Amino acid sequence: MNTNWWKNAIMYQIYPRSFKDSNGDGIGDICGIIEKIDYIADLGVDLIWLGPVYESPNDDNGYDISDYYKIHPEFGTMDDFQELLSQLHDRGIRLIMDLVVNHSSDEHRWFEESRKSKDNPYRDYYIWKDGKHGGPPNNWQAFFGGPAWEYDEHTDQWYHHLFTVKQPDLNWENPKVREEVYSMMRYWLDMGVDGFRMDVISLISKRLEYADTPVDNLMYQVNNYNANGPRIHEFLQEMNREVLSKYDIMTVGEGPGITKELANLYIGKDRNELNMLFQLELMFMDNGPGGKFDKQEINLEDFKKLFREWDEAVGDQGWNNIFLDNHDFPRMVSRFGNDDNYRYEAATLLATFLLTMKGTPCIYQGSEIGMTNVAFESIEDYRDIETIHYWEESLANNADMGDVMRRIHIQGRDNVRTPIQWNDSEHGGFTSGTPWIKVNPNYSSINVEADQSSDKSILKFYKKLIALRKANPTFVLGSFDDLLPDHEQLYIFERKDEHDSYLIALNFSDETVIIPMDLGSYVSIFSNYEEYIESNLRPWQANILKKVT
Ligand code: TEU
Ligand code: CA
């Protein structure tokens, strides 16, 4: 069934709450996406990953689902969803949905039943345990703070939750749970959806000993006690056999703890599991001993090493996805580039990397106009549960709150969740009402309209680059070779097949840097600077060169 179309695809991630509000309630919605459908089509992308639009109490912005078969009314109706799907398909654009099945909402009917009594038929849909010494069953922490267990007085047991208390983990050991998930997947696929992005799929198989972790560190716990559990591949192969293999669709798995060594167990050609992964190693690389808000500097050598090693590890057995930001991590131009005096150059350089590196690229909404991180002064303006938990925990620990706020500005998830800046009218043209989260104040200068009419248009650069990629299969299937692995500022790599050879030359710095290579046999075909000087790269210059034969 699977025709591998997803290798050629160019993905675009829509975070629906923040894309476009059509009815003035301040929340982005499906009709808003339909309003902007030509904007998406003009960009040239051909695969949309739509963040969760299912019914949800929104404890974690839709990653807590209370009904997998319903569209949340704040996003619109099922008719709106089908209209979006068909309008996208008319334009040759596919759509994948978020599949969030490590946990549901505590307001899902299954959980409401499950907590009623120990012999309720839904009891085993979730993970219930007796406490130990008057406390939780083990010492695991939850992702957004606090223990990974919540006490329920009614039946005097604890339920397991790796995320918030409103996101109880589903019990995949129970075959009924798996059958429910597969039926639900068939429902959406039969409607014409083109696949799934699988949320924290690495966490679904639990280690049934529920042993204490000896180290007080969330990532250590996740990697050693939660991710890649004993039955993960059995479950994914079953899912593939029962559902995925019956449709011409694509799947991309997400989840912590999937290292490059384990990657092909999930995506290897002969494995019959998933098609590709969002590797999170880069996203976690700057996390210090204190976790994500304890940011450490990462250097370009480490960045390059990671992509080199993932390419080698995946080889011709698997397929990578390439992304530099999404709804969970800071804006790429702020994190890996320069969002100040070289914003245009850095945003276009990172675009060049995304779209010429080997793997299916994924562009996060707003990054195509170089949107940046935001720095709200007051915690009142933040919405993300992770950020709010971190703030409250820090307050309780008498932390230096100025420092805490600085860390939120750098690493918080709301950096990427502010509304798309469409124009310079109030709220950036996102809504006629009051937006659910404030628009980044820089909207008056950074917005789609201003970008389009600028002679330094990031959007136009993306469009041209996407067209270039589509016209040259070498960028998709050609080999990848890192030519300067040890250089501190330059990233120069080659993409090559039997027809063509390209060099992608990127200067990840604020300085002009001499190229320590002879590029005499190449001509520059694409750049974010007007003039091309063979011997050096200006600050954040990106050049694509083609070998002359
Ligand atoms: O994220 C999984 C994941 O690994 C994140 O928890 C990540 O560690 C965190 O966002 C870093 O701050 C997925 C979704 O993408 C995220 O939005 C959800 O909150 C989470 O799962 C729970 O469903
Ligand atoms: Ca709305």
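Residues numbered from 1 in each chain as written. Chains lettered and ligands numbered in written order. Predicted model: local features only at pLDDT ≥ 70, side-chain atom pairs only at ≥ 80, totals over all residues. Heavy atoms only, no water.

Trainee: Kindly report on the pairing of strand S7 (residues 149-152), identifying the contributing residues and their values.
Mentor: As paired elements, S7 and strand S8 (residues 157-160) share 4 bridges and run antiparallel to each other. Opposite Asp152, over in S8, you have Gln157 as the bridge partner. As consecutive antiparallel partners, S7 and S8 are separated by 4 residues, and within that stretch Asp156 has a phi angle of approximately 55 degrees, a positive value. (Pairing = 2+ DSSP bridges. Helix = DSSP H or I, 4+ residues; strand = E, 2+ residues; numbered from the N terminus.)

Trainee: Can you explain the site of ligand 1? Please cite residues and give values.
Mentor: The environment of ligand 1 is formed by 19 residues, the closest being Asp60, Asp199, Lys292, Asp328 and Glu386. At 3.0 Å, a side-chain N or O of His103 approaches an oxygen atom of ligand 1. Within the side chain of Arg413, an N or O atom sits 2.9 Å from an oxygen atom of ligand 1. When ligand 1 is considered free in solution it has 490 Å² of accessible area, and contact with the protein chains removes 99% of it. When the residues that make up the shell around ligand 1 are grouped by side-chain class, the tally is 8 nonpolar, 2 polar and 9 charged. (Near = heavy atom within 4 Å. Polar contact = N/O pair within 3.5 Å; in protein donor to acceptor, adjacent residues only side chain to side chain. Areas by Shrake-Rupley, 256 points an atom, 1.4 Å probe, with all protein chains shown as cover. Nonpolar A, V, L, I, M, F, W, Y, C, P; charged D, E, K, R; others polar.)

Trainee: Before we move on, could you go through the coordination of the calcium ion (ligand 2) and cite the residues and values that matter?
Mentor: Protein coordination at the calcium ion (ligand 2) comes from Asp21 (OD), Asn23 (OD1), Asp25 (OD), Ile27 (O) and Asp29 (OD), with a distance range of 2.2 to 2.4 Å. Every donor residue of the calcium ion (ligand 2) comes from the same chain, spaced as D-x1-N-x1-D-x1-I-x1-D. The two residues Ile27 and Asp29 agree in class, both being buried. (Donors = N, O, S within 2.8 Å, 3.2 Å for Na, K, Ca; no water. Buried < 20%, exposed > 50% of the residue type's maximum accessible area, 1.4 Å probe, protein only.)

Trainee: Describe the packing of helix H13 (residues 385-396) against helix H14 (residues 401-411), naming the residues involved and giving the relevant values.
Mentor: The interhelical angle for the contact between H13 and H14, taken along N-to-C directions, is 165 degrees, at an axis separation of 10 Å. The orientation of H13 with respect to H14, classified from their angle, is roughly antiparallel. Seen from above, H13 lies across H14 with right-handed handedness. Here Thr387, Tyr390, Trp391, Ser394 and Leu395 of H13 lie close against H14, whose contacting residues are Met401, Val404, Met405, Arg407 and Ile408. When its residues are assigned to classes, the contact of H13 with H14 shows 7 nonpolar, 2 polar and 1 charged. (Axes fitted to C-alpha atoms, helices over the stretch in contact; angles between N-to-C directions. Parallel < 35°, antiparallel > 145°, perpendicular 65-115°, else oblique. Left-handed = near helix turned anticlockwise from the far one by under 90°. Contact = heavy atoms within 4.5 Å.)

None of the figures reported here should be taken as evidence of function without further support.
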